[in-house]
Amino acid sequence: MTIYSASVVDTPGDPFAGDPAAALAQDGALLVRDGVIRARGSLAALRAAHPGEPVTRLDGGLLLPGFVDTHVHFPQIRAIGGLGMPLLDWLEQCALPEESKLADRAYARAVAAEFLDGLVASGTTTALVFGSHFAPAMDELFAAAAQRGLNITSGLVLSDRILRPELLNSPETALADSADLILRWHDRGRLRYAVTPRFSLSASDEMLDACAQLLGKGVWFTSHINENLAEIATVAGLFPGARHYLDTYGRHNLITPRSVFAHNVHPRDAELATLAEHGASVAHCPTSNCALGSGLFPLRRHVEHGIHVALGSDVGAGAGLFLPKEALQAYFIQQLLGDAGLALTPAHLLYLATRAGAQALGLDDRVGDFAVGKEFDAVWLRPADGSTLAVNLRHARDTSDALARIFALATPADVAGVWIRGQNAAGQDPR
Ligand SMILES: [Zn+2]
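Here the residue index of a chain counts from 1 through its sequence in written order. Local features in this predicted model are restricted to residues of pLDDT 70 or higher, and side-chain atom pairs are both shown and tallied only at a pLDDT of 80 or more, whereas totals for entire chains, interfaces and linings draw on every residue. Hydrogens and water are ignored here; the side-chain numbers use all heavy atoms of the structure.

### Side note on helix α10 (residues 269–278)
As a reminder of what qualifies: Classification of residues uses two cut-offs on accessible area relative to the type maximum, computed with a 1.4 Å probe and protein chains only: under 20% is buried, over 50% is exposed, and between them is partly exposed. Helix and strand assignments follow DSSP, with helices taken as H or I runs no shorter than four residues and strands as E runs no shorter than two, numbered in order from the N terminus. An arc is given here, and it is the one of the directions from the helix axis to the C-beta atoms. Throughout, a contact is declared for two residues whenever any of their heavy atoms are within 4.5 Å.
When we look at burial in α10, the residues that qualify are Glu-271, Leu-272, Thr-274 and Leu-275. Looking down the long axis of α10, one finds its buried residues gathered within 165 degrees of arc, a one-sided arrangement. Among the structural elements, β11 (220–225), α9 (245–250), β12 (259–263), β13 (281–284) and α12 (299–304) are those in contact with the buried residues of α10. Two residues or fewer after α10 comes Gly-279, characterised by a positive phi angle close to 70 degrees.

The following block contains the structure:
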């Protein structure tokens, strides 16, 4: 057992459901055994109840639940920073040429390692990962994720039209390759499988039907929706019978409580109502939406419809893997929306970067906060002495104010430690 002495902060409540400040909790220590949190409270109380247990002191900064990224493309880790293009041009010029290279298994292995090590270094311990179009690349990702103990849900990306030829597969090979991957990786340790048509723009009705067959195996589902106006218009032309973009998935029964749709920047009310009715979640990707000029995410409309929203970095269109940066950008976007926006508090930002993602992925019984019984996935943000963040934390009035300063100023350089199921995975040795 280990007692971690730290400024422990999490969001056991839902700040969108009630008083945001009440959603926030703070304690001075956690007792961890076999990777699971057994007690939380003050350091004095835990020491008195468990005398003789070693104490690991994480002095300074905040200890937060490991971040949860609900939309991030592993094959794009080497393609960040392509600025100045809208979605479809960016895909053509930046993302897809790089994704084609993952046909080479050794290349895919190197990319998977860079991607997963990048997640850990950014404090992300759970992710819904948009996969590769190549099955051997998926084996590399899953194997490397298992090695690191990360909570990863991912799957082979499926497309049968419009994209460059090497990225296409037929519905038949999609079914066979996906079924093999599900057998090998789904529910193995902390790994799970997600059926992943790239978007209905590149997936025919036959391919989406194959996806529905795969969902029968109890796996997850993810795809893109309503990201960009040109994309939405193209989808409407490809599916003349569909009522709207969401309907292209709905007609194949792909909207479920295990479905996570990325973006949804331009939804119709009917789509929001359908998402809520089916209990599907939306991954909001703020830096990507800004970088590609996709639009300002209507968070208030999602919340008012009762849709569960979490955060995604959407690397490589997004500006990096560090979830606090996404939370800050989400805050900026809501400010820019004025009366149509939803003013976000520090509790909202922490919730969006942690527990909201765990809930979207159905993992909130295991991770996302520091409740007793949950697995100890954590990130310790402690800035270097003398840094602007250190100065600001020293002058924070309370926990909420300290969090606000973390979200405004922290970078991956402030990640002083990461724990994955109780194992110290990155950062310097705690003092
Ligand atoms: Zn994406």
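### A short note on the packing of helix α14 (residues 346–353) against helix α17 (residues 399–409)
Basically, it comes down to this: Each axis is a line fitted through C-alpha atoms, and for a helix only the stretch in contact is used; angles between axes span 0 to 180 degrees, taken between their N-to-C directions. Working definition: roughly parallel below 35 degrees, roughly antiparallel above 145 degrees, roughly perpendicular at 65 to 115 degrees, and oblique for all remaining angles. Handedness of a helix crossing follows the sense of rotation of the near helix relative to the far helix, less than a right angle counterclockwise being left-handed and clockwise being right-handed. Under the scheme applied here, ten amino acids are nonpolar (Ala, Val, Leu, Ile, Met, Phe, Trp, Tyr, Cys and Pro), four are charged (Asp, Glu, Lys and Arg), and all others, including Gly, are polar.
Packing of α14 against α17 brings their axes to within 8 Å, and their N-to-C directions diverge by 60 degrees. The orientation of α14 with respect to α17, classified from their angle, is oblique. Seen from above, α14 lies across α17 with left-handed handedness. Only Ser-400, Leu-403, Ala-404 and Phe-407 of α17 make contact with α14, whose side of the interface consists of Pro-346, Leu-349 and Leu-350. Here the contact of α14 with α17 is composed, by residue class, of six nonpolar, one polar and no charged.

### Let's talk about the packing of helix α5 (residues 135–148) against helix α6 (residues 171–185)
Viewed as axis vectors pointing N to C, α5 and α6 meet at an angle of 15 degrees, and their least axial separation amounts to 11 Å. Comparing their axes, α6 and α5 come out roughly parallel. When you trace α5 past α6, the crossing you get is right-handed. Residues Ala-135, Met-138, Asp-139, Phe-142 and Ala-143 of α5 lie in contact with α6, whose contacting residues are Asp-177, Leu-181, Arg-184 and Trp-185.

### Brief notes about the pattern of salt bridges
Under the convention used in this document: Whenever a carboxyl oxygen of Asp or Glu lies within 4 Å of a side-chain nitrogen of Lys or Arg, that contact is scored as a salt bridge.
Scanning the model with the defined rule gives 22 salt bridges in all. When the shortest N-O distance is used, the salt bridge between Glu-114 and Arg-78 registers 2.7 Å. Within this pair, whereas Glu-114 is found in helix α4 (residues 105–121), its partner Arg-78 is found in the loop between β6 (67–73) and α3 (87–100), the two being separated by 36 residues in sequence. Judged by relative accessible area, which is 38%, Arg-78 ranks as partly exposed. Between Arg-164 and Glu-166 there is a salt bridge, with the nearest N and O atoms lying 3.4 Å from each other. Judged by its relative accessible area of 38%, Glu-166 is partly exposed. Residues joined in a network through salt bridges with shared partners are Arg-190, Glu-375, Asp-377 and Arg-421.

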